[in-house]
Amino acid sequence: QRRCIELKIRAAEHAGVGLDGEARERFNEIAKELSQIGTDFSNHVLDATKTFELIIKEPADTEGWPKNLRQVAAQSYSLTTEDAEATADAGPWRITLDFPSFFPFMQHHQVRDHREQVYRAYGQRASSGEWDNSELIGRTLKLRQEQSRLLGFACYAEWSLDAKMAPDVAAVELMTAELQAASKGPMEEEFGQLQALAAERGQKEPVMHWDVAFWSERLREQRFDY
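Overview of the structure. None of these values were measured; they are calculated from a predicted model.

### Some thoughts on the overall build of the chain
Working step 1: Looking only at helices and strands, the chain features nine helices and two strands.
Working step 2: Reading the chain from its N terminus to its C terminus gives the helix and strand order α-α-β-α-β-α-α-α-α-α-α.
Working step 3: When its C-alpha atoms are laid out on the principal axes, the chain stretches across 70 × 50 × 35 Å.
Working step 4: The burial tally for the chain puts 30% of its 226 residues in the buried class.
Working step 5: Contacts spanning at least 24 positions in sequence make up 59% of the contacts within the chain whose residues lie at least 6 apart.
Working step 6: Split by element, the accessible area of the chain, about 15,000 Å² in all, is 53% carbon and sulfur.

### Some thoughts on the nonpolar core
Working step 1: Counting residues in hydrophobic clusters, the biggest one holds 18 residues, and the most contacted among them are Leu54, Trp65, Ile95, Phe105 and Val118.
Working step 2: Counting residues per element, the ones that place at least two in this core are β1 (54-56), α3 (67-80), β2 (93-95), α4 (99-108) and α5 (112-123).
Working step 3: Considering each element in turn, this core owes the most residues, four residues, to α3.
Working step 4: Setting aside residues up to four positions removed in sequence, Leu54 forms contacts with Trp93, Arg94, Ile95, Phe105, His114, Gln117 and Val118.
Working step 5: If you look at the next biggest cluster of nonpolar residues, it comprises seven residues, including Leu194, Leu197, Ala198 and Leu219.

### With respect to a negative patch on the surface
Working step 1: Side chains of Glu13, Glu158, Asp162, Asp168 and Glu173 sit close together on the surface and give a patch of like negative charge.
Working step 2: Secondary-structure assignment places Asp162 in the loop between α7 (156-161) and α8 (169-200).
Working step 3: Classification of Asp162 by relative accessible area gives partly exposed; the value is 33%.

### A word on the pattern of salt bridges
Working step 1: For the structure shown, the criterion picks out ten salt bridges.
Working step 2: Here Arg26 and Glu29 are joined by a salt bridge, their closest N and O atoms 3.4 Å apart. Placement of both Arg26 and Glu29 in helix α2 (residues 21-51) is noted, with a separation of three residues, approximately one turn of the helix.
Working step 3: Residue classification places Glu29 among the partly exposed positions, given a relative accessible area of 46%.
Working step 4: The closest approach of N and O atoms between Asp211 and Arg115, which form a salt bridge, is 2.6 Å. Taken together, the positions of Asp211 in helix α9 (residues 209-224) and Arg115 in helix α5 put the pair 96 residues apart, joining distant regions of the chain.
Working step 5: Its relative accessible area of 1% is what places Arg115 among the buried residues.
Working step 6: Three or more residues joined by partner-sharing salt bridges are found here, namely Arg26, Glu29 and Glu146.

### Topic: the packing of aromatic side chains
Working step 1: Counting across every chain of the model gives eight aromatic pairs.
Working step 2: When the ring of Trp65 is compared with that of Trp93, the centres are 6.0 Å apart and the planes differ by 70 degrees; the resulting orientation is edge-to-face. Placement of the pair is Trp65 in the loop between β1 and α3 and Trp93 in strand β2, with a sequence separation of 28 residues. Assigned by exposure class, Trp65 and Trp93 land together as buried.
Working step 3: Measuring from centroid to centroid gives 4.9 Å for Phe214 and Trp215, while their planes differ by 85 degrees, and the two rings are edge-to-face.

### Let's talk about the packing of α4 against α5
Working step 1: Between α4 and α5, the least distance of the axes is 10 Å, while the angle of their chain directions is 140 degrees. On the basis of the axis angle, α4 is oblique to α5. Between α4 and α5 the crossing geometry is left-handed. Along its contact with α4, which presents Phe99, Phe102, Phe105 and Met106, the element α5 presents His114, Arg115, Val118, Tyr119 and Tyr122.
Working step 2: Grouping the amino acids of the contact of α4 with α5 by side-chain chemistry returns seven nonpolar, one polar and one charged.

### Observations concerning the packing of α5 against α9
Working step 1: Two elements in contact, α5 and α9, have axes separated by 8 Å at closest approach and are oriented at 115 degrees. The two elements α5 and α9 meet at a crossing, and its hand is right-handed. From α5, Arg112, Arg115, Glu116, Tyr119 and Arg120 reach across to α9, where they touch His209, Trp210, Asp211, Phe214 and Trp215.
Working step 2: A per-class count over the contact of α5 with α9 returns four nonpolar, one polar and five charged.

Calculation notes
Residues numbered from 1 in each chain as written. Predicted model: local features only at pLDDT ≥ 70, side-chain atom pairs only at ≥ 80, totals over all residues. Heavy atoms only, no water. Helix = DSSP H or I, 4+ residues; strand = E, 2+ residues; numbered from the N terminus. Buried < 20%, exposed > 50% of the residue type's maximum accessible area, 1.4 Å probe, protein only. Contact = heavy atoms within 4.5 Å. Areas by Shrake-Rupley, 256 points an atom, 1.4 Å probe, with all protein chains shown as cover. Core = buried A, V, L, I, M, F, W, Y, C linked by side-chain atoms within 4.5 Å. Patch = residues over 30% accessible without salt bridge, like charges linked within 9 Å, V, L, I, M, F, W, Y side chains within 5 Å. Salt bridge = Lys/Arg side-chain N within 4 Å of Asp/Glu carboxyl O. Lys, Arg positive; Asp, Glu negative; His and termini not counted. Charge placed at Lys NZ, Arg CZ, Asp CG, Glu CD. Phe/Tyr/Trp six-rings, centres within 6.5 Å; stacked < 30°, edge-to-face > 60°. Axes fitted to C-alpha atoms, helices over the stretch in contact; angles between N-to-C directions. Parallel < 35°, antiparallel > 145°, perpendicular 65-115°, else oblique. Left-handed = near helix turned anticlockwise from the far one by under 90°. Nonpolar A, V, L, I, M, F, W, Y, C, P; charged D, E, K, R; others polar.

What follows is the structure in structure tokens.
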């Protein structure tokens, strides 16, 4: 019962219930603006995701695709193209940045230039143009800092950790450093295996971000796909 009461009180304090006057008004104004920023941010990502498409017309380019990717891509093309009907076997196929399309494409598409194009588009969503979220990110950081100080915290990280098991920011940084040190060796070993497999299969270029999912899937097939 004591624990339940402590959590309720802490949640209320984090929501600004202990503030008075101008501080409380400002806290509520920030909360309202952050809510709107969150909505705008998500909408920008969604809009930017919808604007991208890669149309694959050559059946040879789809060699190695699983059946479900063919079906999803063909259906996507048919739904967005009024004067054409696509089939899973004959295409055309439409690749988008939606995860059911994006991820299996990165795993199985053999044309490296296409993978790079799709990967870069995915990573750069809502980072420029009409739906650029850059200013929203900066504004969010500024408002979170101000809101945290109104509640008596030095920064947003301290406010966030006040409701978590980690005692302070330094403890989180220490844990992150320990995990990084412990994982670096296995990470380098696994990446070396991907590089070796890619070279063995004829890729002369260095293994890049847009190659990792593809060669990881080939390595999995080689070792575990009985």
